[in-house]
Amino acid sequence: MFERMSATELARLIHQKEAKPSEICKAFLARAKELEPKINAFTALETEAVLAQAEVLDAVTITEDTPVLFGLPFAVKDNICTADMPTTCASKMLRNFCPPYDATAVARLREQGALLVGKTNMDEFAMGPNSESSIFGRTYNPHDLRCSPGGSSGGSAAAVAAGMVPLSLGTDMGGSIRKPASFCGLVGYKPSYGAVSRHGLITASGSFDQIGPICRTVSDVALLTAAIAGYDALDSMSNPQFVSDFSGLETFYVKGKTVGIVKELFGEGVSDDVRAAILATAKVYESLGARVVEISIPELAYSLPVYHTIAMAEASSNLAKLDGVRFGHRSESASDVDSLYINSRTEGFGDEVKRRILIGTYLLSAGNYELYYKKARVLWGMLREAFQTAFETCDFLLTPAAPKTAPVYGQKETDPAVLYVNSICTSSMNIAGLPALSVPCGIDSEGLPIGAQLVGRRFADADLLGLARVFERESGFSNPVAEVK
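Here goes a summary of the coordinates provided. (Residues numbered from 1 in each chain as written. Predicted model: local features only at pLDDT ≥ 70, side-chain atom pairs only at ≥ 80, totals over all residues. Heavy atoms only, no water.)

In terms of regular secondary structure, the protein is built from 15 helices and eleven strands. A compact globule built from 485 residues would reach a C-alpha radius of gyration of about 23 Å, and the protein, at 21 Å, matches this within 12%. Structurally, the protein occupies a C-alpha span of about 65 × 55 × 45 Å along its principal axes. Split into buried and exposed, the 485 residues of the protein put 60% on the buried side. A total accessible area of about 18,800 Å² is found for the protein, and carbon and sulfur atoms account for 53% of it. Seen as two clouds, the 45 positive and the 55 negative side-chain charges of the protein have centres 2 Å apart. (Helix = DSSP H or I, 4+ residues; strand = E, 2+ residues; numbered from the N terminus. Rg over C-alpha atoms; globule rule 2.2 N^0.38 Å. Buried < 20%, exposed > 50% of the residue type's maximum accessible area, 1.4 Å probe, protein only. Areas by Shrake-Rupley, 256 points an atom, 1.4 Å probe, with all protein chains shown as cover. Lys, Arg positive; Asp, Glu negative; His and termini not counted. Charge placed at Lys NZ, Arg CZ, Asp CG, Glu CD.)

Moving on to the packing of helix α9 (residues 303–318) against helix α11 (residues 351–364). Two elements in contact, α9 and α11, have axes whose closest approach is 7 Å; the angle formed by their N-to-C orientations is 100 degrees. Classified by the interaxial angle, the pair formed by α9 and α11 is roughly perpendicular. On α11, the residues touching T309, M312, A313, A315 and S316 of α9 are R356, I357, I359, G360, T361, L363 and L364. (Axes fitted to C-alpha atoms, helices over the stretch in contact; angles between N-to-C directions. Parallel < 35°, antiparallel > 145°, perpendicular 65-115°, else oblique. Contact = heavy atoms within 4.5 Å.)

Here the structure, examined in full by the defined rule, presents 18 salt bridges. The salt bridge involving E483 is made with R4; its shortest N-O contact spans 3.1 Å. You can see E483 sitting in the segment after α15 (461–475) and its partner R4 sitting in the segment before α1 (7–15), a full 479 residues away along the chain. Note that R473 and E250 form a salt bridge whose closest N and O atoms lie 3.2 Å from each other. Pair noted here: R473 is in helix α15 and E250 is in the loop between α7 (218–228) and β7 (258–262), with a separation of 223 residues, a long-range link. (Salt bridge = Lys/Arg side-chain N within 4 Å of Asp/Glu carboxyl O.)

With that out of the way, let us pick up the nonpolar core. One recurring pattern in soluble globular proteins is that nonpolar side chains are buried together. Among the nonpolar cores identified, the biggest contains 99 residues, and F2, L109, M164, L169, L437, L454 and L465 are the most heavily contacted of them. Of the residues forming this core, the biggest block, eight residues, is contributed by helix α2 (residues 21–39). Here L109 is in contact with L69, F74, A114, L169, L224, A227 and I228, once residues within four sequence places are set aside. Counting 40 residues, the second-largest nonpolar core is a separate cluster that includes A204, A311, W380 and A436. (Core = buried A, V, L, I, M, F, W, Y, C linked by side-chain atoms within 4.5 Å.)

Our next topic: unusual backbone geometry. Here the residue pair G151 and S152 is connected by a cis peptide bond, since its omega of 5 degrees sits within 30 degrees of zero. Checked against the element boundaries, S152 lands in the loop between β3 (115–120) and α5 (154–161). Of note, F459 is a non-glycine position whose phi angle comes to about 70 degrees, a positive value. Position of F459 relative to the elements: it lies in the loop between β11 (449–455) and α15.

Pairing is mixed across the open sheet formed by eleven strands, whose spatial order is β1-β3-β2-β4-β6-β5-β10-β11-β9-β7-β8. With partners counted over all chains shown, the strands left at the sheet margins are β1 (42–45) and β8 (291–295), one partner each. Each neighbouring strand pair of the sheet contributes to a mean axis angle of 30 degrees, computed without reference to strand direction. Helix α4 (residues 104–111) contacts β2 (73–77), β3, β4 (167–172) and β6 (210–215) of the sheet and is inclined by roughly 175 degrees relative to β2. (Pairing = 2+ DSSP bridges.)

This paragraph deals with a nonpolar patch on the surface. Together, V325, V337, Y341 and I342 give the surface a local cluster of nonpolar side chains, amounting to about 360 Å² of exposed area. The residue Y341 is located in helix α10 (residues 337–348) in this model. Since its relative accessible area comes to 35%, Y341 is described here as partly exposed. (Patch = residues over 30% accessible without salt bridge, like charges linked within 9 Å, V, L, I, M, F, W, Y side chains within 5 Å.)

Within the secondary structure layout, F327 lies in the loop between α9 and α10. For the pair F327 and F97, spaced 230 residues apart in sequence, the C-alpha separation works out to 9.1 Å.

Here the focus is empty space enclosed by the protein. Within the structure shown, the criterion is met by one cavity of 30 Å³ or more. A volume near 30 Å³ is recorded for the largest cavity. For the largest cavity, the full set of lining residues is M127, M173, A204, A311, M312, A315 and R356. With three residues, α9 is the largest single contributor of residues to the lining of the largest cavity. (1 Å grid on protein atoms, 1.4 Å probe; cavity = no way out; pocket = protein on both sides within 12 Å on 5 of 7 lines; lining within 4 Å. Points joined across faces, edges and corners; volume = space filled by probe spheres on them.)

Before going further, it helps to spend a moment on the packing of aromatic side chains. Taken as a whole, this structure holds nine aromatic pairs when the rule is applied. Geometrically, the ring pair formed by Y285 and F471 is tilted, given 6.1 Å between the ring centres and 40 degrees between the ring planes. Taken as a pair, Y285 in helix α8 (residues 272–287) and F471 in helix α15 lie far apart in primary sequence, 186 residues in all. Its guanidinium or amino end placed over the ring of Y409, R138 lies 4.2 Å from that ring's centre, counting from NZ or CZ. The aromatic ring of F266 is capped on one face by R275, whose charged end is 5.2 Å from the ring centroid. (Phe/Tyr/Trp six-rings, centres within 6.5 Å; stacked < 30°, edge-to-face > 60°. Lys NZ or Arg CZ within 6 Å of the ring centre and 35° of its normal.)

The subject of this paragraph is the state of the cysteines. Scanning the model with the defined rule gives zero disulfides in all. Its sulfur unpaired, C394 is 17 Å from the next cysteine sulfur, which belongs to C425. (Disulfide = S-S within 2.5 Å.)

This part is about α1. The complete set of buried residues in α1 reads A7, L10, A11, L13 and I14. The buried residues of α1 occupy an angular sector of 160 degrees when projected down its axis, which confines them to one face. Immediately beyond the C-terminal end of α1, within one or two residues, lies K17, with a positive phi of roughly 60 degrees. (Arc of directions from axis to C-beta.)

Here it is, written out as structure tokens:
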């Protein structure tokens, strides 16, 4: 019963003393034990320690001051540091790494009395679209075990979709929260850049990567974001302008608002089922008094080259310290210093990570820095200005969260150049630092979930979640916990 409820409903039960933290944890852990062999959503899963913590919380007197997330289980992606569990980034390079501290987001959840039950599977170092490049093996979509849950936060999405946890944290460098949420029928939210501290996040691209929630409902997303967001002096990019007040979530009105459908993100490559679902989403907003218009942002033609150029260059730089000498896997077959470096990195990194490091190193090399990387930085600024112009006439943007629904493993295109294009709908929002959210909006002809991406002005996150909540409430569309077969 508990495992089919939203976090908001579970929190109400605990605060009204109708359920104990240990009862809720037992239900979710039992579900995880049953389904984990099929889904492979976790890289580490605690049971006895979490239940012991929950039983301690059972004895705490619930008052008006008790934090909202008190006693609720949650999971975090395995590139977010945790003091009591390994943080591997799903890579042999960090297989034995145990951080000495919690990431700020994790620490803030623990301070509320939330219970960390495990670390979730992912693409190695968050570099991939399908959650299959992990040393722990593929993660499978609970809605169809033949399919990918999306990447790179596929484990976080699959765990929530299957009812193994009510709340999870993922990371989003170019769509890695929103695409898995879309593929798994969940709400996935990338906050405004600087809203949630990245302290304790092992990131390949600090310019784009962010921590954010993947949950069953928009209300759950608001609860989780309110707990983890806010200024943090430990993150140099943390921005004090962000205010995590979502108290107006249920009273937000769309009447008179303008929602722009972005022409460049709604064209060739978008499936008929996805197109129909996004247009139906627009109709819901129109019926409530919003003005829906088609807009053009021609500069989006540069978004993928800009995103991949900067992300790969930063990956080359950020992962340079993982050399087997200072940090990371150390080869046992080295005969000298050179072979130690070469063998450690060759053995420690998977193919996709190596590919991106090599491309990034090439982009930063003498003669290429000016030709590629510097130009990408200039275009980055142009793209940000283009979005500012778009928001002069629109209050929000509406696009698909992904051009197609979850791909079947073994039947997808494997050319990396094609896979990189899969982030076309999402990566530009990371470039611009905008808040963006995927909300379930339909089911395709194969029974797979479809997500609509909603985008707002930077730091207007509360309005964005309000817009999503209106659709969730008025559309009547719901995507229950997956019936895993």
